[in-house]
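Take a look at the letters that make up each chain.
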Amino acid sequence: MRLNLVCYLLLALAFVASWFFLHPLWMWLLLVNLLTLVIYGVDKLAAINAWRRVPELTLLLYGVVGGWPGALCGQQLFRHKTSKQPFKTWFIFSVVLNVAAIAALGYAVYGRFL
């Protein structure tokens, strides 16, 4: 449970820290993707050593909030969560949800799709 709490605290810290930069959205995307990559690595290490794991819901949430490119890199780099079918289905859904949200936001702000 503590590992999950640490994951959410890091996500909140990244959100707050991103607002202190000139381009907060780009900084948020950079930070959340780096965190996602690291969390996939930590979860793979935990799986190998039979330690407490990061819940799949947390991994999926990181993808929904913009960390899906980092998740894809982590999946390939660490060979982690690449063959577990229910997770893959939910992961693809989270990517589609994130891209749709970005497109809707772009349409709302700019009056057209990005």
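Nothing here was measured: the structure is a model prediction, and the numbers come from that model. Residue positions within a chain follow its written sequence, with the count starting from 1. Local features in this predicted model are restricted to residues of pLDDT 70 or higher, and side-chain atom pairs are both shown and tallied only at a pLDDT of 80 or more, whereas totals for entire chains, interfaces and linings draw on every residue. To get the side-chain values, take all heavy atoms of the structure and skip hydrogens and water.

K.L.:
Describe the overall build of the protein chain, listing the residues and the values that go with them.
P.N.:
Strands are runs of DSSP state E lasting at least two residues, helices are runs of H or I lasting at least four, and both sets are numbered from the N terminus onward. Secondary structure summary: the protein chain contains four helices and zero strands in total. Secondary structure elements in the protein chain, listed N-terminal to C-terminal, are α-α-α-α. The atom set for the radius of gyration is the C-alpha atoms, and the globule formula is 2.2 Å times the number of residues raised to the power 0.38. For 114 residues, the compact-globule formula gives about 13 Å, and the C-alpha radius of gyration of the protein chain, at 15 Å, lands near that figure. Considered along the principal axes of its C-alpha atoms, the protein chain spans approximately 50 × 30 × 25 Å.

K.L.:
Can you tell me about the UniProt feature "transmembrane region" (unreviewed entry) in the protein chain, naming the residues and giving the values?
P.N.:
UniProt tags residues 5–22, 28–47, 59–78 and 90–110 as "transmembrane region" (unreviewed entry). In the segment residues 59–78, helix accounts for 100% and strand for 0%; the C-alpha atoms at its two ends are 14 Å apart. Counted over residues 90–110, helix gives 100% and strand 0%. Its end C-alpha atoms are 30 Å apart. UniProt positions are given in the numbering used here, feature names are shortened, and annotations may be inferred rather than shown by experiment.

K.L.:
Can you break down a nonpolar patch on the surface residue by residue, with the values?
P.N.:
In this scheme, patches are assembled from residues that exceed 30% relative accessible area and form no salt bridge. Like charges are connected within 9 Å, while nonpolar side chains (Val, Leu, Ile, Met, Phe, Trp, Tyr) are connected within 5 Å. All accessible areas in this document rest on Shrake-Rupley with a 1.4 Å probe, and a residue is counted as covered only by the protein chains that are shown. For salt bridges, the criterion is a side-chain nitrogen of Lys or Arg within 4 Å of an Asp or Glu carboxyl oxygen. On the surface, Phe-15, Val-16, Trp-19, Phe-20 and Phe-21 cluster together to form a nonpolar patch covering roughly 610 Å² of accessible area. Mapping Phe-15 onto the fold places it in helix H1 (residues 2–18).

K.L.:
Lay out the nonpolar core in plain terms, naming residues and giving numbers.
P.N.:
Core analysis: the biggest nonpolar cluster contains 16 residues, and Ile-39, Tyr-40, Leu-59, Tyr-62, Phe-87 and Phe-91 have the highest contact counts within it. Contributing elements (two or more residues each) for this core: H1, helix H2 (24–49), helix H3 (56–78) and helix H4 (85–110). With five residues, H2 is the single largest residue contributor to this core. Should any heavy atoms of two residues lie within 4.5 Å, those residues are considered in contact. Those residues in contact with Ile-39, other than ones at most four positions away along the chain, are Cys-7, Val-54, Leu-59 and Tyr-62. Only buried residues count toward a nonpolar core, which is a set of Ala, Val, Leu, Ile, Met, Phe, Trp, Tyr and Cys residues joined through side-chain atoms within 4.5 Å. Each residue is assigned to one of three classes by its accessible area relative to the maximum for its type, calculated with a 1.4 Å probe on protein chains only: buried under 20%, partly exposed between the two thresholds, exposed over 50%.

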